[in-house]
There are 2 protein chains.
Amino acid sequence: MPVDVKRVDTSDWPCTIARSAAVLGDHWNLLLVRQACLGTRRFDDFQRELGIGRNILTRRLNQLVDEGIMQRVEYQSHPPRSEYRLTQQGREVYPILAAMAAWGDRWLSGPDGTPLVLHHTACDHDMHAVVVCSVCDEPIDVQEIKAQPGPGYRADHEPSATV
Amino acid sequence: MPVDVKRVDTSDWPCTIARSAAVLGDHWNLLLVRQACLGTRRFDDFQRELGIGRNILTRRLNQLVDEGIMQRVEYQSHPPRSEYRLTQQGREVYPILAAMAAWGDRWLSGPDGTPLVLHHTACDHDMHAVVVCSVCDEPIDVQEIKAQPGPGYRADHEPSATV
DNA sequence: GACTTGCGTTCCGTCATGGAACGGATGGAC
DNA sequence: GTCCATCCGTTCCATGACGGAACGCAAGTC
């Protein structure tokens, strides 16, 4: 089970973003989770809907399962067939995707507007994602955030001394 | 100026996430924006702090400039030296990174807790990012969102017919 | 004149990617 | 029983992205 990591591995840097990037900072992983959020579960469906190579798909799905983002669930046994579903950890990636969609709508969409409208069934409105502070509920701005080493910080991995 | 895209290009799919992923779904791009958010501006600093190869760094920075996420600003002319700063578009990537950090803290951090605490100067509290609905302000859950084709949707690019 | 800083470019070996073909287990049609 | 389709992969191979190391080059500094 080759794990395909030779490019710099940032999963053990003392930075959550770097760690998350090791998992989510990948073209296909991101799209696979997106597709799973839209309801796709089967190998062939992922393959057809994304146009990803079957060999790459196999690797990526196994990797996502190893990372706890997806799980294999056998849905029939003659012949054995399993589908790939998001775990809770995987489901919680969705807000990140929604934030990316909001950013994309603002900066990348053409004159026609967004290609994808998100409808929030909880409040029954079309919406977009907003990232807010957990304490004061105000939208986040880079310039109002200071990053500081936390309890889990160790200086021994990241090339940089500064975080 | 080789643009280094041979792997499947999703930038014109009728899906904002796919488009955003074409820009942000990359290991280094994500980390470069993170680093820029933390204040890094100079070529050598990026190189040292991230441990990225100089050739790769050159390509990535140029790409980010082309995409409007960063801009070159000359800070002295003898000799000509320029630094790379985030544009507004780039600065607005930060909420996505913050959302990724929150996810990483929840699912990837060790027993010691987060390696990086975010302090919100606006309300003067340590915080984490929460992604909420723009209409009802409630946190987003995959199962409460329905995606529907929007005005900018065209079925002619993405392999899949379904969105 | 030698050394340092800042910012790249060039060269090259290695590994990931992606296309295509193959495989193998089962179920259905005839 | 035989042929064909479905589903889920694996294997093979050419291409090209990655990453390390060395080189280039302009200007300032001692």
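Worth saying up front: this structure is predicted, and the values here are computed from it rather than measured.

Draft legend 1. Broad picture of the sheet that holds strand 4 (residues 125-127) of chain B. The 3 strands are arranged 6(A)-3(B)-4(B) in an open sheet whose pairing can be described as antiparallel. Unpaired on one side and paired on the other, strand 6 (145-149) of chain A together with strand 4 of chain B mark the two borders of the sheet. If you compare each strand with its neighbour and ignore which way they point, the axes differ by 40° on average. In this structure, strand 6 of chain A lies alongside strand 3 (residues 116-120) of chain B, joined through 5 bridges in antiparallel fashion. The residue bridging A:Lys146 from the neighbouring strand is B:His119, located in strand 3 of chain B.

Draft legend 2. Highlighting helix 6 (residues 94-107) of chain B. Look at helix 6 of chain B: 20 Å from first C-alpha to last across 14 residues, which is about the 20 Å you get at 1.5 Å a residue. Most of helix 6 of chain B sits out of view: 13 of its 14 residues are buried.

Draft legend 3. The arrangement of the interface of chain B and chain A in detail. With 83 residues of chain B in contact, the opposing surface of chain A contributes 83 residues. Residue contributions to the side of chain B that touches chain A peak at 12 residues, all from helix 6 of chain B. Looking at side-chain class alone, the side of chain B that touches chain A contains 47 nonpolar, 23 polar and 13 charged residues.

Draft legend 4. The environment of A:Glu138, seen in detail. Inspection of the secondary structure puts A:Glu138 in the loop between strand 5 (129-133) and strand 6. On the basis of neighbour counts, which here come to 14 C-beta atoms within 10 Å, the residue A:Glu138 falls in the partly exposed class. Residues A:Glu138 and A:Pro80, spaced 58 residues apart in sequence, show a C-alpha to C-alpha distance of 50 Å. Discounting chain neighbours no more than four positions away, the residues touching A:Glu138 are A:Val132, A:Cys133, B:Ala122 and B:Cys123.

Draft legend 5. Geometry of helix 1 (residues 16-24) of chain A. Burial analysis of helix 1 of chain A places 9 of its 9 residues in the buried class, which makes it a mostly covered element. Listing the buried residues of helix 1 of chain A in full gives A:Thr16, A:Ile17, A:Ala18, A:Arg19, A:Ser20, A:Ala21, A:Ala22, A:Val23 and A:Leu24.

Draft legend 6. Representation of the environment of B:Ala18 in the model. For B:Ala18, the position within the fold is in helix 1 (residues 16-24). When the C-alpha positions of B:Ala18 and B:Cys133 are compared, they lie 21 Å apart, and in sequence the two are 115 residues distant. Among residues more than four places away in sequence, those in contact with B:Ala18 are A:Leu31, B:Thr10 and B:Trp13.

Draft legend 7. Local environment of the relation of the copies chain B and chain A. Overlaying chain B on chain A yields an RMSD of 0.1 Å, the required transformation being a rotation through 180° with an accompanying axial translation of 0.0 Å. When the rotation and shift are considered jointly, the pair of chain copies conforms to a two-fold rotation axis. The share of interface residues of chain B whose copies in chain A are also at the interface is 100%, consistent with both copies meeting through the same surface.

Draft legend 8. Summary view of the packing of helix 2 (residues 27-37) of chain B against helix 4 (residues 54-66) of chain B. Residue and element names in this part refer to chain B. Direction vectors running N to C along helix 2 and helix 4 enclose 75°, while the axes themselves pass 10 Å from each other. In terms of orientation, helix 2 and helix 4 fall into the roughly perpendicular class. Of helix 4, the residues touching helix 2 (which contributes Trp28, Asn29 and Leu32) are Ile56, Arg60 and Leu64. The class makeup of the residues in the contact of helix 2 with helix 4 is 4 nonpolar, 1 polar and 1 charged.

Draft legend 9. Looking closely at the domain arrangement of chain A. All names here are of chain A. By domain assignment, chain A separates into domain 1 (1-92) and domain 2 (94-147). With centres defined by C-alpha atoms, the gap from domain 1 to domain 2 works out at 24 Å. In this assembly, 6 residues from domain 1 lie in contact with 4 residues from domain 2. Here the residues of the side of domain 1 that touches domain 2 sort into 3 nonpolar, no polar and 3 charged.

Draft legend 10. Region of the structure containing the packing of helix 2 (residues 27-37) of chain A against helix 1 of chain B. Axis separation between helix 2 of chain A and helix 1 of chain B bottoms out at 9 Å; the angle between their running directions is 165°. In this view, helix 2 of chain A runs roughly antiparallel relative to helix 1 of chain B, as classed from their interaxial angle. Relative to helix 1 of chain B, helix 2 of chain A is oriented so that their crossing is right-handed. Contacts between helix 2 of chain A and helix 1 of chain B involve A:His27, A:Leu30, A:Leu31 and A:Arg34 from the former and B:Ile17, B:Ala18 and B:Ala21 from the latter. Classifying every residue of the contact of helix 2 of chain A with helix 1 of chain B gives 5 nonpolar, 1 polar and 1 charged.

Draft legend 11. Region of the structure containing the pairing of strand 2 (residues 80-86) of chain A. By the bridge criterion, 7 bridges tie strand 1 (residues 70-77) of chain A to strand 2 of chain A in an arrangement that is antiparallel. Bridging from a neighbouring strand, A:Val73 pairs with A:Glu83 of strand 2 of chain A.

Conventions used here
Counting of residues starts from 1 at the beginning of each chain's written sequence and follows it residue by residue. Throughout, the order in which chains and ligands are written sets their labels, letters from A for the former and numbers from 1 for the latter. With pLDDT at 70 or above as the cut-off, local features in this predicted model cover only qualifying residues; side-chain atom pairs require 80 or more to be listed or tallied, and sums for whole chains, interfaces and linings still use all residues. Paired strands are those between which DSSP finds at least two bridges. A helix here means a DSSP run of H or I that spans at least four residues, while a strand means a run of E at least two residues long, and both kinds are numbered starting from the N terminus. All axes here are fitted lines through C-alpha atoms, helices being fitted over the stretch that makes contact, and every angle between N-to-C directions spans 0 to 180 degrees. To estimate how far a helix should reach, multiply one less than its number of residues by 1.5 Å. Remark: C-beta atoms are placed from the backbone, and a residue is labelled buried if 20 or more other C-beta atoms sit within 10 Å of its own, exposed if 12 or fewer do, or partly exposed between those counts. Contacts are defined on C-beta atoms placed from the backbone: any two residues whose C-beta positions lie within 7 Å are in contact. Residue type decides the class: Asp, Glu, Lys and Arg count as charged, Ala, Val, Leu, Ile, Met, Phe, Trp, Tyr, Cys and Pro as nonpolar, and the leftover types, Gly among them, as polar. Least squares is the method used to superpose the copies, on C-alpha atoms of residues holding a pLDDT of at least 70 in both. Angles below 35 degrees are treated as roughly parallel, those above 145 as roughly antiparallel, those between 65 and 115 as roughly perpendicular, and all remaining angles as oblique. The domain boundaries here were taken from an automatic or database domain assignment. Crossings are classed by handedness, with left-handed meaning an anticlockwise turn of the near helix from the far one by less than a right angle and right-handed meaning a clockwise turn.

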